Amino acid sequence: MRIWYRVSDLGAARVFYTEILGFTESFVDEDERWAALDRGATEIALGEGEPEPGEEDVVATIDVEDVKAERERLERAQVEVGTVLELHGLMRLVDVFDPDGNRIQLSQELS
């Protein structure tokens, strides 16, 4: 399943997702203004335009080795990041926000 995010500037969003978050582009349609990107099992698509009703509820999750280290790296890159949450010693999570305010979640299994 591919999660869609609406962005105001497709070019800037493509740079953010590939250079900052480490996604790889699998498809780009310049005419229709959208791109498909992958990072491991996480598949997203970026479409230029205004969000559709209900789209703000979707969240892509990226598995990472070390949530705390990723949070620090992203904060140094001036990316908006939330507070690291630890769930019962099983998992760490942190919210990351793209330049349009779309929420992505980084996840680390602790077991």
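Residues numbered from 1 in each chain as written. Predicted model: local features only at pLDDT ≥ 70, side-chain atom pairs only at ≥ 80, totals over all residues. Heavy atoms only, no water.

Undergrad: Looking at this model, I keep getting lost on the sheet that holds strand β4 (residues 42-48). Mind explaining?
TA: Pairing between sheet strands relies on hydrogen bonds along the backbone, with the strands arranged either parallel or antiparallel. Here four strands make up an open sheet; going across it, the order is β1-β4-β3-β2 and the pairing mixed. Of all strands in the sheet, those with a lone pairing partner are β1 (3-7) and β2 (24-29), marking the two edges. Here the average twist between neighbouring strands, direction ignored, is 20 degrees. Relative to strand β3 (residues 34-39), β2 runs antiparallel, the two being bridged by five bridges. Considered in β3, the bridge of F27 is made with A36. Contacting β1, β2, β3 and β4, helix α1 (residues 10-20) runs over the sheet at an angle of about 160 degrees to β4. (Pairing = 2+ DSSP bridges. Helix = DSSP H or I, 4+ residues; strand = E, 2+ residues; numbered from the N terminus. Axes fitted to C-alpha atoms, helices over the stretch in contact; angles between N-to-C directions. Contact = heavy atoms within 4.5 Å.)

Undergrad: Can you walk me through the pattern of salt bridges in this structure?
TA: Two side chains carrying opposite charge are able to pair once their charged atoms lie near each other. Within this structure, the stated rule accounts for nine salt bridges. Its salt-bridge partner being R92, residue E86 comes within 3.1 Å of it at the nearest N-O pair. The class of R92 is buried, set by a relative accessible area of 16%. Across the pair R103 and D95 runs a salt bridge whose closest N-O atoms are separated by 3.2 Å. The class of R103 is partly exposed, set by a relative accessible area of 31%. Three or more residues are tied together by salt bridges with common partners; here these are R14, E25, E30, R33 and E48. (Salt bridge = Lys/Arg side-chain N within 4 Å of Asp/Glu carboxyl O. Buried < 20%, exposed > 50% of the residue type's maximum accessible area, 1.4 Å probe, protein only.)

Undergrad: Would you explain α1 in this entry?
TA: An α-helix turns once every 3.6 residues. As a result, residues three or four positions apart point the same way. Along α1, the positions that sit buried rather than exposed are L10, A13, F16 and Y17. Each buried residue of α1 sits inside an arc of 125 degrees when the element is viewed along its axis, so together they form one side. Each element contacted by the buried residues of α1 is listed here: β1, β3, β4, β8 (91-97) and β9 (103-109). One side-chain oxygen of the residue at the start of α1 lies 3.0 Å from the amide nitrogen of G11, identifying that residue as D9. The first or second residue beyond α1 is G22, which carries a positive phi of 80 degrees. (Arc of directions from axis to C-beta. Polar contact = N/O pair within 3.5 Å; in protein donor to acceptor, adjacent residues only side chain to side chain.)

Undergrad: Would you take a moment to explain helix α2 (residues 67-76) for this structure?
TA: Considered for burial, the residues of α2 that qualify are V67, E70, R71 and L74. With its buried residues spanning 100 degrees around the axis, α2 presents them on a single face. By the N-cap criterion, in which a side-chain oxygen at the helix start approaches the backbone nitrogen of a residue two or three places on, α2 is capped by D66, the distance to K68 being 3.1 Å. Positive backbone phi, at 65 degrees, marks Q78, one or two positions downstream of α2.

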